[in-house]
Amino acid sequence: MATLLIVEDDALLLDALTGQLQQLDYSVCTATSVPQATALLQDQAVDGIILDLGLPGADGMELLTWARAHIAGLPVLILTARDGVEDRVLGLNAGADDYLTKPFNMQELQARLQAMLRRARQPAFTQASSAAGGASTTIGPLVLDHASHAAALNGDLLDLTQREWELLELLVHRCGEVVTRDDVLAAWRASPPEPGQTTAAPLNSNALEVYVHRLRKKLDQSNLAIRNIRGLGYMLEKP
Ligand code: CA
């Protein structure tokens, strides 16, 4: 269970957010100001911060700067009403991992949190290679054999190209979590070109969409669905 620190001075929003994240199995601690948050962070380990910027006394950006200087690799998602491009750039340049503006959609916040915490735990490369180390993975009607790069659906061998296999393996490995476009493209770029391919096909978002489309068709006869997570990537839903 990941522990999140929410820094938010709007009591209603803080309560609602705490309740919803606890329902999603996060352990939550809260602060309503920058001094309160820094005191808490010196005392308690957290896995990530949801940070409001408009706080009484000191601005949330001060906490971001403090956290960057004192706690290596602690992921921070800024959740603020400041929706200007320059605010966003300022926040990301100061080291925030993500930036979401109010009003926000809870599902989107959840997806972004998951992606952020996962990135913080392990870089994409290690994820891809550790997935390849296991013997086999079963998700519902789908079985992946990692050594032979073969997949079977309802007992029938799936006809997959190398890129399709790599995409499917990533999705299966992180079933129920968002796999970003960059994660897939990084895994593709780290692997050799497809056999029989004389010129390397461009590996970009358009190519990825094509592969996702093909994979969906191949998983057609099952309860497995690859969902589009807008602006982020894809997620294999748990059957
Ligand atoms: Ca505020």
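This section reports on the structure supplied with the text. As the structure is a computational prediction, the values presented were derived from the model and not from experiment.

1. Re the coordination of the calcium ion
The protein atoms donating to the calcium ion are Asp-9 (OD), Asp-52 (OD) and Gly-54 (O), with metal-donor distances spanning 2.2 to 2.4 Å. Here the donor residues of the calcium ion are spaced in sequence according to D-x42-D-x1-G. Accessibility expressed as a relative area gives 5% for Asp-52, which makes it buried. By relative accessible area, which is 38% here, Gly-54 ends up partly exposed.

2. What to know about the sheet that holds strand S5 (residues 98-101)
One open sheet accounts for five strands, arranged S2-S1-S3-S4-S5; its pairing is parallel. One side of each edge strand has no neighbouring strand; the edge strands of this open sheet are strand S2 (27-31) and S5. Sheet twist, expressed as the average angle between the axes of neighbouring strands with direction ignored, equals 20 degrees. Alignment of strand S4 (residues 76-80) against S5, held across four bridges, turns out to be parallel. Within S5, the position partnered with Thr-80 by the bridge is Thr-101. Strands strand S1 (3-7), S2 and strand S3 (48-51) of the sheet are contacted by helix H2 (residues 34-43), whose axis makes an angle of about 135 degrees with S2. Docked against the sheet, helix H4 (residues 85-93) engages S4 and S5, running at close to 150 degrees with respect to S5.

3. Comments concerning the sheet that holds strand S12 (residues 233-236)
Spatial ordering of the open sheet is given by S10-S12-S11, a layout of three strands whose pairing is antiparallel. Strand pairing shows two members of the sheet lacking a second neighbour, strand S10 (179-180) and strand S11 (226-229), which therefore form its edges. Sheet analysis places S10 next to S12, joined by two bridges and oriented antiparallel. Directly across from Thr-180, in S12, lies its bridge partner Gly-233. The sheet strands contacting helix H9 (residues 205-218) are S11 and S12, and the helix crosses S11 at an angle near 150 degrees.

4. So, the packing of aromatic side chains
The full count for this structure, using the stated rule, is one aromatic pair. Measuring from ring centre to ring centre gives 5.0 Å for Trp-188 and Tyr-211, while their planes differ by 65 degrees; the resulting arrangement is edge-to-face. Taken as a pair, Trp-188 in helix H8 (residues 181-190) and Tyr-211 in helix H9 lie far apart in primary sequence, 23 residues in all. No difference in accessibility class separates Trp-188 from Tyr-211, as the two residues are buried.

5. So, the environment of Thr-18
Inspection of the secondary structure puts Thr-18 in helix H1 (residues 11-23). Taking the C-alpha atoms as reference points, Thr-18 and Thr-30, separated by twelve residues in sequence, lie 8.0 Å from one another. In contact with Thr-18, not counting residues within four places along its chain, are Ile-6, Val-28 and Thr-30.

6. Examining the nonpolar core
The biggest cluster of nonpolar side chains holds 29 residues, and the ones touching the most others in it are Leu-142, Leu-167 and Leu-168. Looking at this core, the elements that each hand over two or more residues are strand S7 (142-145), strand S8 (150-153), helix H7 (162-173), H8, H9 and S12. With six residues, H7 is the largest single contributor of residues to this core. What Leu-167 contacts, discounting residues up to four positions off in sequence, is Val-184, Trp-188, Leu-208, Tyr-211, Val-212 and Leu-215. Counting 24 residues, the second largest nonpolar core, distinct from the first, contains Val-34, Ile-49, Leu-51 and Val-76.

So, how was this worked out
- Residues numbered from 1 in each chain as written.
- Predicted model: local features only at pLDDT ≥ 70, side-chain atom pairs only at ≥ 80, totals over all residues.
- Heavy atoms only, no water.
- Donors = N, O, S within 2.8 Å, 3.2 Å for Na, K, Ca; no water.
- Buried < 20%, exposed > 50% of the residue type's maximum accessible area, 1.4 Å probe, protein only.
- Pairing = 2+ DSSP bridges.
- Helix = DSSP H or I, 4+ residues; strand = E, 2+ residues; numbered from the N terminus.
- Axes fitted to C-alpha atoms, helices over the stretch in contact; angles between N-to-C directions.
- Contact = heavy atoms within 4.5 Å.
- Phe/Tyr/Trp six-rings, centres within 6.5 Å; stacked < 30°, edge-to-face > 60°.
- Core = buried A, V, L, I, M, F, W, Y, C linked by side-chain atoms within 4.5 Å.

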